[in-house]
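# Understanding the architecture of this molecule
So the chains spell out like this:
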Amino acid sequence: MFNLSLETALSSLRAQQLALDITSHNIANSNTPGYTRQRVNFAPNTPFPVPSLFAPMQPGQVGTGVVVASIERVRDTFMDIEYRKEVMNLGYWETRSDALDKIQLIINEPSDTGLNQLMDKFWNAWQELSKNPENLATRAVVQQTAQALAETFNHLRGQLDSLQNDLDFAVQTNVEEINSIARQIRDINDQIYKTNIVKFNANDLMDQRDELLNKLAKIIDFTLIDNNDGTVSIDIGGKKLVDGLNVNSFKVVKNANGFFDVQWSDGTPVNLTAQKGELSSNIVARDVDVQKMKDYMDSLANTLITEVNNLHHQGFVLGSTSPTPDGPDFFTGTDAKTIALSSAVSNNLNNIAAGATNSSGDGGIALQIAQLKDKLTMVLPGSTTPTATFNDFYRTIVSRLGVDAQEADRMYQNEQLLTKNLNNKRMESGGVSIDEEMTNMILYQNAYNAAARIVTAIDEMMDIVINRMGVVGR
Amino acid sequence: MRITPGMLRDNLLYNLNRTLADMEKSQEMLSNGKALTKPSDDPVKLLRAMKYRSDITQGEQYQRNLDDGLNWLNTTDTALGELSDLLQRVKELTVYGANSSLPQESLNSIAEEIRQIKEQVGVVANTQFAGKYIFGGTEVDKQPWDGTAWQGNNSGVYFEIGNNIKVQVNTLGSPLFTDVINTLDQIINHLTAGNVSALSSDLGSLDNNLNSVLAARADVGARTNRLELMQNRLLAQLESEKELLSKTEDADIAATIIDLKNQENVYRSALAVGARILPPTLVDFLR
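Values in this document were obtained by computation on a predicted structure and should not be read as measured data. (Residues numbered from 1 in each chain as written. Chains lettered and ligands numbered in written order. Predicted model: local features only at pLDDT ≥ 70, side-chain atom pairs only at ≥ 80, totals over all residues. Heavy atoms only, no water.)

### Section: empty space enclosed by the protein
To locate leftover empty space, one rolls a probe as large as a water molecule over the atoms. For the structure on display, the rule yields one cavity of 30 Å³ or more. Lining the largest cavity are Tyr35, Thr36, Val74, Arg75, Asp76, Arg426, Met427, Ser429 and Gly430 of chain A. (1 Å grid on protein atoms, 1.4 Å probe; cavity = no way out; pocket = protein on both sides within 12 Å on 5 of 7 lines; lining within 4 Å. Points joined across faces, edges and corners; volume = space filled by probe spheres on them.)

Listed below in structure tokens is the structure:
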């Protein structure tokens, strides 16, 4: 009888201690990202006696104490799926908004030093030259503003190039991250699989895996498949990156443009059509946003070079005695990267062909070049005929950049709020509450104390039996 | 609903960050006075602001072109006025020479004075504006009248004073001055030859010359009027464009300060609330 009570009290001591261990573990991890609080599920031990032919005759079954039936994660897996969906969007818009913001910084408009203002100054310089074509000072102004304009084109284009290279590097980094996460998830799958065989809940491992899945979601869009043996599989565009205990990987291959394409390790392309995650975003920013701006700049510079040179060729250099126009190239190059002042013009101010005739006061060509500012030379994006002036075109592309950046920024902020709220929802069930843990601690502590008291009581009773019984007449 | 310290912390951080971002925006607007600092702030306003900026820069250039043109025309008018005065004097002298039966010595001295006047006509023909000879067509850097022959050409000098509006600022000296000098040469010849009867027909040529000068002055006057009209219009236009640019681009300082104050209050409240809700847990009350 004493024996049974002692065993019962002992089971309680053990169970409450284990529960306190879990409480302690919860508190210790209250600030660990991705940690889910764990709960101890108590169950009464098998009562005694079990019905059988030889069961001792006694009034009824007596309980034999408590066991810890399971230690489980308190987690809302549905919220996890919702959360990951938004994290994919967050990753996409965060990266896109960042890239567009960088383009905006490069373009630096509206400002007194941007391309818009420089083009205006360039036209004005030609206006001044048209009034004073014989004057070397006004010629020098044309030369210097043209130089500044060409250098600004070079600078903007160079900055865009290096941004594009940064984004390309980010694509490569993303792929390395994905591969590393995939390997880690496979390893955890393996450990959880082994733990599950012996019917334990691999709570902490599952937390780790969920955290890795959240990290992966920020980079790439995937579908999670639960294999019902403790392992999960990750499906990306119809092919499995992680399949239970097997792992596949991505690789990057330089494409025709000199940038990285993402492929499966066997060389088939990765289907990234769903616009989610950082990887897609980096690729879109690299191949669309930056490329578009580069193309616009190139087409602007190219048309400027052609139009100015066409007129310049029809002009006469200062001091010319030639009967036919002898204007050299004004600009050389074909795009924003290569545009430069021709050496003829940069070496000799007289070689600016301002005149429509070879008389020194003729600024006819300079005036025509100045009037290019009002000429519809540029084909706006989405149009096929030239309907815009140089300045119109530039304004339009900068404004469109603004619209894109504004949208990306708004989406990013929305996603930030959304993921924060979803995370809160997740934490509502899974987060560690110190108050709650303290309450549990008191509960377990009291239960432990009470069980210990029972041991003491039984000890006292045993003391009576052992030391004070059988001493009649002593 | 369970609330955990993690949630409180996340919410607090999110709100602090958001308010800080708002405050940063307001402070930036106040420190540079601009509501537009990058395209995404307001792409539509940006489009307008950039257009206004271009228009203003271009308008200021037209303004300079107009000023230069007007100065050129004024110089021309003064020169033509002087030419007209000189011709009047020649006319007086010629009439005097034709009507009186003067001895040859007197005719010679009249001829001498007209020769001097002819020199002065040459000086007028070589009038310069900002270092340029204004009557020589586009040959602005050599004297149109070198004393014996006309060196300039008959090409116009055009300034742009509006979108694709060109105006000729120079007056072609070649027909005007060569006719005048021819007439003067003839008068001098007739005077020195004592051919008084021929002087009356010279007077007719002189009148034609005077009429040409008057016509040229009238033309200069008309062009001056036109440029002044353009100038006034441009001034008014520039003023309204500058105002529009300021309205589009500049921050509303009063409104921004009030916004900033509001954001500061929100930030302070968020901080205060954070300070109160974060530390206490049940731990503080367990002894």
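### Details of the nonpolar core
Grouped together as the largest cluster of nonpolar side chains are 63 residues, with contacts concentrated most on Phe330 and Phe331 of chain A. Secondary structure elements with two or more residues in this core: helix H2 (77-107), helix H3 (115-131), helix H4 (136-197), helix H6 (277-313), helix H8 (364-370) and helix H9 (390-430) of chain A together with helix H2 (43-99) of chain B. Among the elements that line this core, the one with the most residues is H6 of chain A, at 12 residues. For Phe331 of chain A, the contacting residues outside a window of four places in its chain are Phe122, Ala146, Ala150, Leu304, Ile305, Val308, Asn309, Ile339, Ala340, Leu341 and Ser342 of chain A. Membership of the second largest hydrophobic core comes to 49 residues, among which are Leu86, Ala98, Phe159 and Val180 of chain B. (Core = buried A, V, L, I, M, F, W, Y, C linked by side-chain atoms within 4.5 Å. Buried < 20%, exposed > 50% of the residue type's maximum accessible area, 1.4 Å probe, protein only. Helix = DSSP H or I, 4+ residues; strand = E, 2+ residues; numbered from the N terminus. Contact = heavy atoms within 4.5 Å.)

### Section: the interface of chain A and chain B
At the junction of the two partners, chain A supplies 57 residues and chain B supplies 49 residues. Around 4500 Å² of area is buried between chain A and chain B when both sides are counted, 52% of it from carbon and sulfur atoms. The interface formed by chain A and chain B contains seven salt bridges. Close ionic contact of Asp101 of chain A with Lys38 of chain B constitutes a salt bridge, the shortest N to O distance being 3.1 Å. Linking chain A to chain B there are 32 residue pairs in polar contact (both at pLDDT 80 or more). (Buried area = accessible area lost by both parts, 1.4 Å probe. Salt bridge = Lys/Arg side-chain N within 4 Å of Asp/Glu carboxyl O. Polar contact = N/O pair within 3.5 Å; in protein donor to acceptor, adjacent residues only side chain to side chain.)

### Considering the domain arrangement of chain A
Residues and elements named next belong to chain A. Assigned domains within chain A: domain 1 (1-72 + 436-469) and domain 2 (83-416). Distance from the C-alpha centre of domain 1 to the C-alpha centre of domain 2: 67 Å. Taken together, the contact between domain 1 and domain 2 spans eight residues of the former and five residues of the latter. For the pair domain 1 and domain 2, the two sides together bury roughly 520 Å², of which 30% comes from carbon and sulfur. Contact with domain 2 buries area across many residues of domain 1, yet Gly34, Gln38 and Ile71 alone supply 53% of it, more than any other trio. If you look at where domain 1 meets domain 2, you find zero salt bridges. Residue classes in the side of domain 1 that touches domain 2 are distributed as three nonpolar, four polar and one charged. (Domains from an automatic or database assignment. Nonpolar A, V, L, I, M, F, W, Y, C, P; charged D, E, K, R; others polar.)

### Here we look at the layout of surface pockets
Residues and elements named next belong to chain A. Size it by volume and the second largest pocket reaches roughly 610 Å³. Forming the walls of the second largest pocket are 29 residues, and the residues nearest its centre are Thr77, Asp210, Leu224, Asp226 and Val232. Counting residues per element, the ones that place at least two in the lining of the second largest pocket are strand E2 (66-73), H2, H4, helix H5 (203-219) and strand E3 (223-226). It is H2 that provides the largest number of residues to the lining of the second largest pocket, a total of six residues. Tallied by class, residues from the lining of the second largest pocket come to 10 nonpolar, eight polar and 11 charged.

### Structural notes on the UniProt feature "domain: Flagellar basal-body/hook protein C-terminal" (unreviewed entry) in chain A
UniProt marks residues 426-467 of chain A with the feature "domain: Flagellar basal-body/hook protein C-terminal" (unreviewed entry), using the numbering shown here. Split by type, residues 426-467 of chain A is 93% helix and 0% strand. Its first and last C-alpha atoms lie 60 Å apart. (UniProt positions renumbered as here; feature names shortened; annotations may be inferred.)

### Focus on the confidence of the model for chain B
Residues with a pLDDT of 70 or more make up 98% of chain B, whose mean pLDDT is 90. Model confidence for the complex: the whole-complex pTM is 0.85, and ipTM, which rates the interface, is 0.85. (pLDDT = per-residue confidence, 0-100.)

### Brief notes about H4 of chain A
Residues and elements named next belong to chain A. Taking 1.5 Å as the rise per residue, H4 with 62 residues should run 92 Å; its terminal C-alpha atoms sit 91 Å apart, in good agreement. Measuring from the backbone nitrogen of Ala137 back to the side-chain oxygen at the start of H4 gives 2.7 Å, which picks out Asn135 as the cap. Immediately beyond the C-terminal end of H4, within one or two residues, lies Lys199, with a positive phi of roughly 65 degrees. (Expected span 1.5 Å × (residues − 1).)

### Details of the UniProt feature "domain: Flagellar basal body rod protein N-terminal" (unreviewed entry) in chain A
Residues given the UniProt feature "domain: Flagellar basal body rod protein N-terminal" (unreviewed entry) here are residues 6-36 of chain A. Taken end to end, residues 6-36 of chain A has its terminal C-alpha atoms 35 Å apart, with 74% of it in helix and 0% in strand.

### Observations concerning the packing of H2 of chain A against H9 of chain A
Residue and element names in this part refer to chain A. Where H2 contacts H9, the axes come no closer than 7 Å and their chain directions differ by 150 degrees. Compared by their axis directions, H2 and H9 come out roughly antiparallel. H2 and H9 meet at a crossing whose hand is left-handed. For the contact of H2 with H9, the class distribution of residues is 17 nonpolar, seven polar and 11 charged. (Axes fitted to C-alpha atoms, helices over the stretch in contact; angles between N-to-C directions. Parallel < 35°, antiparallel > 145°, perpendicular 65-115°, else oblique. Left-handed = near helix turned anticlockwise from the far one by under 90°.)

### As for the domain arrangement of chain B
Taken domain by domain, chain B holds domain 1 (51-246) and domain 2 (253-287). Between the C-alpha centres of domain 1 of chain B and domain 2 of chain B the distance comes to 79 Å.

### Concerning the environment of Asn163 of chain B
Of note, Asn163 of chain B is situated in the loop between strand E3 (158-162) and strand E4 (165-168). Between the alpha carbons of Asn163 of chain B and Lys242 of chain B there is a distance of 18 Å; along the sequence they are 79 residues apart. Setting aside chain neighbours within four positions, we find Asn163 of chain B in contact with Asp374 of chain A together with Gln58 and Tyr62 of chain B.

### Quick look at the packing of aromatic side chains
Inspection of every chain in the model, using the stated rule, returns 15 aromatic pairs over all chains. Arranged with centres 6.2 Å apart and planes meeting at 85 degrees, the rings of Phe122 of chain A and Trp126 of chain A form a pair that is edge-to-face. Remark: Trp126 of chain A and Phe122 of chain A occur in helix H3; sequence separation between them is four residues, near one turn of the helix. With 6.1 Å between their ring centres and 85 degrees between their planes, Trp72 of chain B and Phe159 of chain B make a pair best called edge-to-face. You can see Trp72 of chain B sitting in helix H2 and its partner Phe159 of chain B sitting in strand E3, a full 87 residues away along the chain. Phe159 of chain B shares its class with Trp72 of chain B; the two are buried. Ring pairing ties together the aromatic residues Phe122, Trp123, Trp126, Phe330, Phe331 and Phe390 of chain A, which thus form one cluster. When the ring centre of Tyr83 of chain A is taken as reference, the NZ or CZ atom of Arg426 of chain A above it lies at 4.2 Å. (Phe/Tyr/Trp six-rings, centres within 6.5 Å; stacked < 30°, edge-to-face > 60°. Lys NZ or Arg CZ within 6 Å of the ring centre and 35° of its normal.)

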